[in-house]
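# Report on the structure
Below, each chain spelled out in residue letters.
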Amino acid sequence: MTTSRTALVLGLIAISSVIAPSAPAEDDVVALRQADMKAMSDAAKTISDMFRAPESYSSTEFRRAADVIVDRSGSVLAGHFADGMGDPRSKAKPDIVQERNRFDRLADDLRNYALALDAAGEANPGPMTERMRMKPGEPMGGGPLGIHVRSEAELSSIPAEHVFHLMLQTCTTCHAAFRIHR
Ligand code: HEC
């Protein structure tokens, strides 16, 4: 190979490694948590679309989306914020360090809601049922502080659509408290 061709090939490899979406390095918590957040956002969109167009509901796809959130919340999420607060790429507020318990509780709430959604998908293998839908006039709030995770039994007794809204409130509550908005 001539020198110029070698240079060309090496140049292409360098370019493709910039373009190719590569998985974040295992110890790059900032990239990991941002990738997880994006995946959870896509999963929430999938679920939201099914509630908007119930005929598109698939138990398998619904559960797959819920599981994306189950796998990235709780201690996994909390662990990805053990470090990297001052990283210039990050929009995480340093308050996470001082308010660790509150942050971790929100991460756990998120997981509990996602688990309840997974269970609802399992319990409704056919078309989306009325049981899964929010009833007109059903109170939407999660208590004065916005968030209120109930017992697992209580969670399973409220419609999946309501659980989904409580879950989204958890995203919003955590972002309002712990994510820098620029
Ligand atoms: C316990 C707190 C917490 C919860 C719960 C949470 N997030 Fe986040 N999220 C954050 C923080 C903090 C950041 C900023 C991370 C960073 O830049 O280092 C963030 C960033 C993001 C981003 C931007 C990622 C990027 O590429 O910069 C998206 C999208 C996102 N979250 C979606 C969601 C969705 C959807 C949910 C709920 C299903 C959710 N988050 C739940 C704390 C949370």
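Residues numbered from 1 in each chain as written. Predicted model: local features only at pLDDT ≥ 70, side-chain atom pairs only at ≥ 80, totals over all residues. Heavy atoms only, no water.

Per an unreviewed UniProt entry, the protein chain is named Cytochrome c556, and its organism is Rhizobium binae.

So, about the nonpolar core. Formed by 38 residues in total, the largest nonpolar core has its most connected members in Phe-62, Leu-117 and Met-167. Among the elements of the structure, helix H2 (29–52), helix H3 (59–72), helix H6 (100–123) and helix H8 (160–178) are those that each provide at least two residues to this core. Looking at this core, the element that brings in the most residues is H6, giving nine residues. Dropping the residues within four chain positions of it, Met-167 is found in contact with Ile-69, Leu-110, Tyr-113, Ala-114 and Leu-117. (Core = buried A, V, L, I, M, F, W, Y, C linked by side-chain atoms within 4.5 Å. Buried < 20%, exposed > 50% of the residue type's maximum accessible area, 1.4 Å probe, protein only. Helix = DSSP H or I, 4+ residues; strand = E, 2+ residues; numbered from the N terminus. Contact = heavy atoms within 4.5 Å.)

So, on to the site of the ligand. In the vicinity of the ligand there are 21 residues, among which Met-37, Ser-90, Cys-171, Cys-174 and His-175 approach most closely. Within the side chain of Gln-34, a nitrogen or oxygen atom sits 2.8 Å from an oxygen atom of the ligand. Lys-91 has a polar backbone atom sitting 2.7 Å from an oxygen atom of the ligand. Elements with a contribution of two residues or more to the shell around the ligand: H2, H6 and H8. The element best represented in the shell around the ligand is H2, accounting for six residues. (Near = heavy atom within 4 Å. Polar contact = N/O pair within 3.5 Å; in protein donor to acceptor, adjacent residues only side chain to side chain.)

Glancing now at the packing of aromatic side chains. According to the stated counting rule, one finds five aromatic pairs in the structure shown. Between Tyr-57 and Phe-62, the ring centres sit 5.5 Å apart and the planes meet at 65°, which makes this aromatic pair edge-to-face. A single burial state applies to Tyr-57 and to Phe-62, both of which are buried. Aromatic side chains Phe-81 and Phe-103 sit 5.0 Å apart centroid to centroid with 65° between the ring planes, which places their arrangement in the edge-to-face category. With Phe-81 in the loop between helix H4 (74–80) and helix H5 (95–98) and Phe-103 in helix H6, the pair connects residues that are 22 residues apart, well separated along the chain. Taken as a pair, Phe-81 and Phe-103 share a single burial class, namely buried. Within the aromatic cluster, the residues linked to one another by ring pairs are Phe-51, Tyr-57, Phe-62 and Phe-164. (Phe/Tyr/Trp six-rings, centres within 6.5 Å; stacked < 30°, edge-to-face > 60°.)

This paragraph deals with H6. For H6, with 24 residues, the first-to-last C-alpha span of 35 Å sits near the 34 Å given by 1.5 Å per residue. Among all positions in H6, only Phe-103, Leu-106, Ala-107, Asp-109, Leu-110, Tyr-113, Ala-114, Ala-116, Leu-117, Asp-118, Ala-120 and Gly-121 are buried. Against the buried residues of H6 lie H2, H3, H4, H5, helix H7 (152–157) and H8. (Expected span 1.5 Å × (residues − 1).)

Another aspect to go through is the environment of Ala-78. Structurally, Ala-78 is set in helix H4. Using a relative accessible area of 11% as the deciding quantity, one classes Ala-78 as buried.

What follows is about the packing of H2 against H8. For the pair H2 and H8, interaxial distance at closest approach is 11 Å and the crossing angle is 150°. Relative to H8, the element H2 is oriented roughly antiparallel. The two elements H2 and H8 cross, and the hand of that crossing is left-handed. Contacts between H2 and H8 pair Met-37, Ala-44, Ile-47, Ser-48 and Phe-51 from the former with Ala-160, Glu-161, Phe-164, Leu-168 and His-175 from the latter. Looking at the contact of H2 with H8 residue by residue, the classes come out as seven nonpolar, two polar and one charged. (Axes fitted to C-alpha atoms, helices over the stretch in contact; angles between N-to-C directions. Parallel < 35°, antiparallel > 145°, perpendicular 65-115°, else oblique. Left-handed = near helix turned anticlockwise from the far one by under 90°. Nonpolar A, V, L, I, M, F, W, Y, C, P; charged D, E, K, R; others polar.)

The next point concerns the packing of H6 against H8. Relative orientation of the contacting elements H6 and H8 amounts to 160°, with a least axis distance of 9 Å. Judged by the inter-axis angle, H6 sits roughly antiparallel to H8. Between H6 and H8 lies a crossing whose hand is left-handed. Residues Arg-102, Phe-103, Leu-106, Asp-109, Leu-110, Tyr-113, Ala-114, Ala-116, Leu-117 and Ala-120 of H6 pack against Ala-160, Val-163, Phe-164, Leu-166, Met-167, Thr-170, Cys-171, Thr-173, Cys-174, Ala-177 and Phe-178 of H8. A breakdown of the residues in the contact of H6 with H8 according to their chemical character gives 17 nonpolar, two polar and two charged.

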